[in-house]
Amino acid sequence: DMLMRISKYMCDTKQEYAVRYIPQSLCWTEGPETLKIFKRQRVRWGRGLYQIFSTYYKLLFNPKYKTLGMIVLPYNFIFEFCAPFIEFLGIICYIYLIASHLVNWPFAIILLLFVYSFSILITLLAIVWDQLIIRRYSLKEMIRLCLFAFLEPILYHPLVVIFSLWGYGNQLLKIKSNWGHMERKGFGNSTKMEPVTTHSTIV
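Note that the structure is a prediction, hence the values are computed from the model and not measured.

Cut-off values and rules
Residues numbered from 1 in each chain as written. Predicted model: local features only at pLDDT ≥ 70, side-chain atom pairs only at ≥ 80, totals over all residues. Heavy atoms only, no water. Bend = angle between axes of the 7 residues up to and from the residue. Helix = DSSP H or I, 4+ residues; strand = E, 2+ residues; numbered from the N terminus. Buried < 20%, exposed > 50% of the residue type's maximum accessible area, 1.4 Å probe, protein only. Contact = heavy atoms within 4.5 Å. Core = buried A, V, L, I, M, F, W, Y, C linked by side-chain atoms within 4.5 Å. Phe/Tyr/Trp six-rings, centres within 6.5 Å; stacked < 30°, edge-to-face > 60°. pLDDT = per-residue confidence, 0-100.

Caption draft 1: Molecular detail of helix α3 (residues 66-81). Considering bend angle alone, the principal kink of α3 is centred on L73 and spans about 30 degrees; proline P74 follows within four residues of it. All buried positions along α3 are accounted for by L68, G69, L73, P74 and F81. Where the residues of α3 are buried, they touch α1 (2-12), α2 (35-56), α4 (83-99) and α6 (139-172).

Okay, structure coming up:
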């Protein structure tokens, strides 16, 4: 939201600006340790994404906002915001086709294997490329990451889709959310941050 506000202001006032990407991380955060915390995080992210587009929808495909309006927001709208809807509807459609005996199974199996293999290939390339440039992982960690790549399309990704839609629904129905306990173990003794309550609104 902060980045969107600044970018919109710069375009409205016709000032030159640039958003730069730094490939190497300058800070780190810990991933959720449990499914409950992971769900809470992803539902919150989905809700936040919904808020962003409900607030800045007038910027979409608006030439006044240059790259922001014509490339950045449309890309995120299609591939981030709409992706869970498209995937969920695709599954419903697939189930209907199976129930109606309209699936060409030899072709469907080949297509599913291709999509699954392509997804794994992209993940493995990202891991190997990162290791070639930065070398941040040990051999044991590399092997674990590569093995998890085979589980991501069938375990991790479906949960991301479900929790994103959950967040959209919470925002659409104006259900108040609670930030909750963000548990962090750190590199030493386990720690727990104090709970913070939020109503997930943009001001």
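Caption draft 2: Representation of the side chain of Q131. Along the polypeptide, Q131 turns up in helix α5 (residues 105-133). Excluding anything up to four places from it in sequence, Q131 contacts R136, Y137 and M142.

Caption draft 3: Examining the nonpolar core more closely. Core analysis: the biggest nonpolar cluster contains 13 residues, and M4, L59, L68 and L73 have the highest contact counts within it. Of all the secondary structure elements, the ones that give two or more residues to this core are α1, α2 and α3. The contacts of L68, once residues within four sequence positions are left out, are M4, S7, K8, Y17, L59, L73 and P74.

Caption draft 4: Spotlight on the packing of aromatic side chains. Evaluation of the coordinates by the stated rule reveals twelve aromatic pairs. Considering the side-chain rings of Y75 and F79, the 4.9 Å spacing of their centres and the 35 degrees angle between planes classify their relative orientation as tilted. Placement of the pair is Y75 and F79 together in helix α3, with a separation of four residues, close to one helical turn. Of the residues examined, F79 reaches a relative accessible area of 52% and is grouped as exposed.

Caption draft 5: Representation of unusual backbone geometry within the structure. The backbone phi angle of F61 is positive, close to 55 degrees, even though this residue is not glycine. The topology assignment puts F61 in the loop between α2 and α3. The backbone of K66 sits at a positive phi, close to 50 degrees, despite the residue not being glycine. With respect to the secondary-structure elements, K66 resides in helix α3.

Caption draft 6: Representation of α6. Within α6, the axis deviates most sharply at E152, by approximately 70 degrees, and proline P153 lies no more than four positions further along. The complete set of buried residues in α6 reads M142, A149, V160, V161, F163, S164, G167, Y168, N170 and Q171. Packed against the buried residues of α6 are α2, α3, α4 and α5. At the C-terminal side of α6, K174 shows a positive phi close to 60 degrees.

Caption draft 7: Summary view of the confidence of the model for the protein chain. Per-residue pLDDT for the protein chain has a mean of 86; in total, 88% of the residues score no lower than 70. Of all secondary-structure elements in the protein chain, the lowest mean pLDDT belongs to strand β2 (residues 191-192), at 46, while α4 reaches the highest, 95. Contacts of residues 190-203 to residues separated by more than four positions or lying in other chains number 37 contacts, the stretch itself having pLDDT below 50.

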